[in-house]
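Descriptive structure summary
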Amino acid sequence: KAMPEAVAFLAASLEAAGMKVGSAALVAEEVLAACVLRQVVFFRGAFATTVARTCATALAAAHVRRVAMPLGLQDAAVIAQAAWPGASEQGTIHAAVIEGINLGPIEVVYDTVADAVAATKGRSLVFASMTSGLAALPDQPLYLELGPIFDVDALDWKLIWGLNLGAGN
């Protein structure tokens, strides 16, 4: 019974962020399925960081840590210390958002992220946004070993920021 309520809540949060109802419901269901399976949820596209932050906040409330991936990262200990600082309150769900995870080689962060997810025994959710641009590294098959990749550019979004393209303006 809690799962349909969680799906509805996450979908409503995604709708508030600008995603259309149909896309929000599908993404919410798939994201929660990945979370239950203790997978890292990756997002790529124009609103990847917004979607990752929205999911983390909706599911972990005030217990969210955001980490911006340093360009050219050589030691994943920086990520581990920022995202998983230590023991957490019993029964509390925490979430980490790793922003721009593909700015460093996946081989550097793979073990750290996988070990941290396993060590928290389902009490920590991990979301990661993938950036595009000259500094971004291409997708690697290792990402899919950690969890699904959602391309948010392929989803339906509401017209926001006061744009009304159908009004003849």
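The model shown is predicted, which means the values in this text are computed figures rather than measured ones.

**Observations concerning the overall build of the protein chain**
The number of helices and strands found in the protein chain is six helices and five strands. The order of α-helices and β-strands along the protein chain, N terminus first, is α-α-β-α-β-α-β-α-β-α-β. By the burial criterion, 40% of the 169 residues in the protein chain qualify as buried. For the protein chain, contacts bridging at least 24 residues in sequence account for 81% of all contacts bridging at least 6. Carbon and sulfur atoms make up 57% of the accessible area of the protein chain, which totals about 9000 Å².

**Some details on the packing of aromatic side chains**
Overall, the coordinates contain three aromatic pairs when judged by the stated rule. Residues Phe47 and Trp157 carry aromatic rings whose centres are separated by 4.7 Å and whose planes lie at 40 degrees to one another, so their mutual orientation is tilted. Highlighted residues: Phe47 in the loop between strand S1 (41-44) and helix H3 (48-60) and Trp157 in the segment after strand S5 (149-151), separated in sequence by 110 residues. Accessibility expressed as a relative area gives 18% for Trp157, which makes it buried.

**Side note on the environment of Ser23**
Structurally, Ser23 is set in helix H2 (residues 21-36). Residue classification places Ser23 among the buried residues on the basis of a relative accessible area of 9%. Setting aside residues up to four positions removed in sequence, Ser23 forms contacts with Leu155 and Asp156.

**Some details on the pairing of strand S4 (residues 124-130)**
Burial within S4 is extensive, with seven of its seven residues counted as buried. On S4, burial covers both faces: Ser124, Val126, Ala128 and Met130 on one face and Leu125, Phe127 and Ser129 on the other are all buried. Relative to S4, S1 runs parallel, the two sharing four bridges. Looking at S4, one finds that Val41 is bridged to Phe127. Taken together, the six bridges between strand S3 (residues 94-99) and S4 define a ladder with parallel strand orientation. Among the inter-strand pairings, Glu99 is bridged to a residue of S4, identified as Ser129.

**Some thoughts on the sheet that holds S5**
Spatial strand order, S2-S3-S4-S1-S5: five strands in an open sheet with parallel pairing. Of all strands in the sheet, those bounded by a partner on one side alone are strand S2 (64-68) and S5. Between one strand axis and the next, the sheet turns through 20 degrees on average, direction left out of account.

**Comments concerning the pattern of salt bridges**
Considering all chains together, one arrives at three salt bridges under this definition. When the shortest N-O distance is used, the salt bridge between Glu99 and Arg66 registers 2.9 Å. Taken together, the residues Glu99 in strand S3 and Arg66 in strand S2 connect sequence positions 33 residues apart. Members of the salt-bridge network, linked through shared partners, are Arg53, Arg66 and Glu99.

Conventions adopted
- Residues numbered from 1 in each chain as written.
- Predicted model: local features only at pLDDT ≥ 70, side-chain atom pairs only at ≥ 80, totals over all residues.
- Heavy atoms only, no water.
- Helix = DSSP H or I, 4+ residues; strand = E, 2+ residues; numbered from the N terminus.
- Buried < 20%, exposed > 50% of the residue type's maximum accessible area, 1.4 Å probe, protein only.
- Contact = heavy atoms within 4.5 Å.
- Areas by Shrake-Rupley, 256 points an atom, 1.4 Å probe, with all protein chains shown as cover.
- Phe/Tyr/Trp six-rings, centres within 6.5 Å; stacked < 30°, edge-to-face > 60°.
- Pairing = 2+ DSSP bridges.
- Axes fitted to C-alpha atoms, helices over the stretch in contact; angles between N-to-C directions.
- Salt bridge = Lys/Arg side-chain N within 4 Å of Asp/Glu carboxyl O.

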